[in-house]
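Given next are the chains, with one letter for each unit.
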Amino acid sequence: MSCGGHHDVDCGEILQRVYVFIDNELEDASCAEIKAHLDECAPCLDEYDLERCVKKLVNRSCGDEHAPDALRQKILARITEVRLEITTTQE
């Protein structure tokens with residue numbers, strides 16, 4: 001995905017790291033980089049907000065249950081695959 005504007009970091013790269021960002025699992029430098037990008041890129045901010053809302057909804061629906069790590073990795077891999085497919089078809 002790209003909004004068409006110039007950014008220090010490509011939109012696609014930001015969106016691939018947004019899940020880890022939402023989970024607060026990034027080092028400070030990467031968090032600052034993503035925050036700066038989201039401040040200047042409305043399409044990425046919209047995508048971030050959508051992903052954050054979905055995560056909250058899933059969390060609320062599942063309560064205190066946690067998915068096994070293997071399942072989590074499969075889901076994240078599939079999300080990445082779908083993102084790449086969408087990016088490829090949009091270009």
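Everything that follows concerns the structure shown earlier in this document.
Computed from a prediction, not measured in an experiment: that's the story for all the values here. (Residues numbered from 1 in each chain as written. Predicted model: local features only at pLDDT ≥ 70, side-chain atom pairs only at ≥ 80, totals over all residues. Heavy atoms only, no water.)

1. Regarding the pattern of salt bridges
Phase 1 of the analysis: Inspection of the entire model under this criterion finds ten salt bridges.
Phase 2 of the analysis: Here R72 makes a salt bridge to E25, at a shortest N to O gap of 4.0 Å. Taken as a pair, R72 in helix α4 (residues 69-90) and E25 in the loop between α1 (11-22) and α2 (28-40) lie far apart in primary sequence, 47 residues in all.
Phase 3 of the analysis: Residue R83 is joined to E51 by a salt bridge in which the shortest nitrogen-to-oxygen separation is 3.2 Å. With R83 in helix α4 and E51 in helix α3 (residues 42-62), the pair connects residues that are 32 residues apart, well separated along the chain.
Phase 4 of the analysis: You can call R83 buried: its relative accessible area is 15%.
Phase 5 of the analysis: We classify E51 as buried; its relative accessible area is 15%. (Salt bridge = Lys/Arg side-chain N within 4 Å of Asp/Glu carboxyl O. Helix = DSSP H or I, 4+ residues; strand = E, 2+ residues; numbered from the N terminus. Buried < 20%, exposed > 50% of the residue type's maximum accessible area, 1.4 Å probe, protein only.)

2. Brief notes about α2
Phase 1 of the analysis: Between its first and last C-alpha, α2 extends 19 Å over 13 residues, near the 18 Å set by a 1.5 Å rise per residue.
Phase 2 of the analysis: Listed as buried for α2 are S30, C31, I34, H37 and L38. Relative to the axis of α2, the buried residues are bounded by an arc of 130° and lie together on one face. For α2, the exposed residues lying more than 90 degrees away from the buried face are D28, A29 and D39.
Phase 3 of the analysis: For α2, the secondary structure elements touched by its buried residues are α1 and α3. (Expected span 1.5 Å × (residues − 1). Arc of directions from axis to C-beta. Contact = heavy atoms within 4.5 Å.)

3. Notes on the side chain of H37
Phase 1 of the analysis: Relative to the helices and strands, H37 resides in helix α2.
Phase 2 of the analysis: Judged by relative accessible area, which is 3%, H37 ranks as buried.
Phase 3 of the analysis: Among residues more than four places away in sequence, those in contact with H37 are H7, V9, D10, C11, I14 and C44.

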